[in-house]
Every structure is written in structure tokens, then in C-alpha cells.
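# A closer look at the structure
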Amino acid sequence: MSKTSDKPKSFESAIAELEAIVGAMESPDLPLEQAIAQYERGIKLLRFCEETLGDAERKIQILENNQLKPFKETFGETPET
């Protein structure tokens, strides 16, 4: 597992580490101090994931010129010209 101060390499690695933390915290044998340390690491990972998702959303909005359009199925239809 990563050290408490390590920044995740990617969104996916942060999610995997969060899943491992949840598994460890579900164990009744985890000492309180370790549980608190795991919880703190989980909060940092959660914030990283939220920031990463926010950045991705902003990039998509920029790419779509802030006008996200609903998907329309056009099978069998001719495009309007």
C-alpha cells in the first residue's frame, strides 16, 4: 500500500487503493490507530478522485463548448441538410 503522503499515479490506482482500504477497514482485527490512518488516506484519495472527475468534466464541457447535447439515435434516418 502507498505511504500516506503519496499522490496516486492515476484515478484508477486511487480507486483500487480505496477498495483495498475499505476491505482492510471491514476487518474487525484492524487496530484503531491503523483504522484512523487508513481513514485519513481514504479521505485524501477521495479528494483526489473528486478533483480528477471535476477536471474531466470541465474538459468535456470545453470540448463541447459548454453545450452538452443529448444523444439522438438516427438509425434509418437521413441527416437534415
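Check the entry above for the structure.
Scope of this entry: the structure provided in the associated data block. Everything quoted here is computed from the prediction, not taken from an experiment.

What follows concerns the pattern of salt bridges. Two side chains carrying opposite charge are able to pair once their charged atoms lie near each other. A complete count under the given rule lists two salt bridges for this structure. Taking the shortest distance from any N to any O, the salt bridge between Arg58 and Asp55 comes out at 2.4 Å. In this pair, Arg58 and Asp55 are both assigned in helix 2 (residues 32–63), three residues apart and thus about one turn of the helix distant. Among the residues examined, Arg58 registers a relative accessible area of 46% and is labelled partly exposed.

Turning our attention to helix 2. With 32 residues, helix 2 extends 46 Å from end C-alpha to end C-alpha; this agrees with the ideal 46 Å at 1.5 Å per step. Of the residues making up helix 2, those classed as buried are Ala35, Gln38, Arg41, Gly42, Leu45, Phe48, Cys49 and Gly54. At its buried positions, helix 2 is contacted by helix 1 (11–25).

About the thresholds
- Residues numbered from 1 in each chain as written.
- Predicted model: local features only at pLDDT ≥ 70, side-chain atom pairs only at ≥ 80, totals over all residues.
- Heavy atoms only, no water.
- Salt bridge = Lys/Arg side-chain N within 4 Å of Asp/Glu carboxyl O.
- Helix = DSSP H or I, 4+ residues; strand = E, 2+ residues; numbered from the N terminus.
- Buried < 20%, exposed > 50% of the residue type's maximum accessible area, 1.4 Å probe, protein only.
- Expected span 1.5 Å × (residues − 1).
- Contact = heavy atoms within 4.5 Å.

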